[in-house]
Amino acid sequence: MTWKLSSLAFFLIFLYIPFLSHSTSSDVYYMPFQIEDTWLSEKNLTDCAKYEEAHLYVENYPLYAFDLLVDCYSENVSKRYLDLSDKFDALVAGSMLLDEAKSEYSQLKEEMDSFHPETLPAQEWFSLAMKTSKTLTSTSKGQRVIYPKTILME
Amino acid sequence: MTSLIQSFTSLHKARAFISMSKERNNVTSQSMPYSAIAYKWISTVKNMLKEFEEFGQFKDVKSLINSAEKHYDEGYYYLALMESAQAKALMDYYLNRPDINNGKEAIRIAETYLNYTSTFMSEIYESNLVDAPFAEIYFELAELHIKDAKKQDRDSAKITIATLSIKESMIAKEQAIAAMFLSKTAGLSLENPQSPDQNVSNSFNQYVLAGLILLVIVVALVIVKKLRK
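Everything quoted here is computed from the prediction, not taken from an experiment.

**Digging into the overall build of chain B**
- Along its length, chain B carries eight helices and zero strands.
- Seen in sequence order, chain B has helices and strands lined up from the N terminus as α-α-α-α-α-α-α-α.
- Taking all 229 residues of chain B together, 52% fall into the buried category.
- In chain B, the share of contacts with a sequence separation of at least 24, taken over all contacts with a separation of at least 6, comes to 72%.

Written out as structure tokens, the structure is:
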């Protein structure tokens, strides 16, 4: 009888374990956002001050690290504009970059129009892309994200 | 030129997120009641604005809700849901603004909010069916801003940055709740969706109930055993 009772108790406790682990465990993190290696090893970005900083944040703050890398990319576009301005007129340089942006935007739009997210995570990233792409066509009037300015490299 | 650079930046970011979206488009899928839930969240905030209009103008909340409604009309329900969740969090912040007297206290309060939000984020991280990148961005920023506040010398700067972190934690929490709520309603067509708070409390109640049933069974078995002796 005791043996049967113990077995039953263990069985019931065993059944309850998934509930316990689900409600208390917080150390198993699923971090889906991965910055593509091409970004992290982009040679044109290494001169940028935020490039090193971005690598420090990749593991724990991937989306913030990604923003730092994108800032480096912006810096790179500015440099490209200055180089073009040296060779041509500033106006011509601007219009060359504008044409490039237009062409890239139409490619992006085509890509977005032809893609149909079917799962929730896909929809979530797609919406983030949608929100980001909307800043291309209109000035953002909503809440602007203020990034930490004084974080030192740790 | 600045806006052109901004455009290039946005282009690259959008492309990276699209690539992420494609990668995450291969898990088992069930239909989601996106529009019903987005509508529910927008209505909640609009009701709050109506109810508390005498307490302030809430310009940023109104602006977010206008944007959410616009996106809802365009069929971008998830974006509308995230914007209305952000608006709700800001509304909650304005209505329950914590009393802060100095920098040290501001940082302590910000850490409390962050810890509270981390319990909701844990659920997101543990689930393969929801990513909530909008919430993730705010959660990262909230944590980084606390670190930033700690490095400030002036008390006023500590308070300003810690307050920003509190707002970000609240936004991340609300967006995480909205995303989890959406994932839990997969396959359902919602006529009258429950509020997110109800949903979270129901999940908790289920665990407690399961525990209690188990306890009652074990106690009953022990009593039966003793009576037989």
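**As for the packing of aromatic side chains**
- All told, the structure shown has 13 aromatic pairs over all chains when counted by the stated rule.
- Centroid distance Phe 58 of chain B to Tyr 94 of chain B: 5.9 Å. Interplanar angle 35°. Geometry classified as tilted. Highlighted residues: Phe 58 of chain B in the loop between α2 (34–51) and α3 (59–74) and Tyr 94 of chain B in helix α4 (residues 77–95), separated in sequence by 36 residues. Across this residue pair, the class does not change: Phe 58 of chain B and Tyr 94 of chain B are buried.
- Cluster of aromatic residues (ring-pair linked, three or more members): Tyr 57, Tyr 61 and Tyr 64 of chain A.
- Lying over the aromatic face of Phe 115 of chain A, Lys 22 of chain B brings its terminal NZ or CZ to 5.9 Å of the ring centre.

**Here's the deal with the pattern of salt bridges**
- Taken as a whole and judged by the stated rule, the model has 13 salt bridges over all chains.
- Residue Asp 67 of chain A is joined to Lys 13 of chain B by a salt bridge in which the shortest nitrogen-to-oxygen separation is 2.6 Å. You can see Asp 67 of chain A sitting in helix α4 (residues 62–87) and its partner Lys 13 of chain B sitting in helix α1 (residues 2–23), one on each of two chains. For the pair Asp 67 of chain A and Lys 13 of chain B, a shared accessibility class is recorded, and that class is buried.
- For Glu 111 of chain B, the salt bridge is made with Lys 150 of chain B, and the minimal N-O distance between the two is 2.7 Å. A residue pair is termed long-range when its members are at least 10 positions apart, and Glu 111 of chain B in helix α5 (residues 103–126) and Lys 150 of chain B in helix α6 (residues 133–150) qualify at 39 residues.
- Looking at Glu 111 of chain B, the relative accessible area reads 29%, which means it is partly exposed.
- Via salt bridges that share partners, Lys 88, Asp 92 and Glu 174 of chain B belong to a single interconnected network.

Scoring rules and cut-offs
Residue positions are given per chain, counting from 1 as you read along its sequence in written order. All chains are assigned letters beginning with A, and all ligands numbers beginning with 1, in the order in which they are written. Totals for whole chains, interfaces and linings use every residue, but because this is a predicted model, local features are given only for residues with pLDDT of at least 70 and side-chain atom pairs only at 80 or more, for both listing and counting. The side-chain numbers reported here are obtained from all heavy atoms of the structure, hydrogens and water having been left aside. Strands here are runs of E lasting at least two residues and helices are runs of H or I lasting at least four, both read from the DSSP assignment and numbered beginning at the N terminus. Burial here depends on accessible area, computed with a 1.4 Å probe over protein chains only, as a share of the maximum for the residue type. Under 20% is buried, over 50% is exposed, and the range in between is partly exposed. Should any heavy atoms of two residues lie within 4.5 Å, those residues are counted as being in contact. Here the aromatic set is Phe, Tyr and Trp, taking the six-membered ring for Trp, and pairing holds for ring centres within 6.5 Å; pairs whose planes are under 30 degrees apart are stacked, those over 60 apart are edge-to-face, and all others are tilted. To sit over a ring, a charge needs its Lys NZ or Arg CZ within 6 Å of the ring centre and within 35 degrees of the ring normal. The working definition used for a salt bridge is a side-chain nitrogen of Lys or Arg within 4 Å of a carboxyl oxygen of Asp or Glu.

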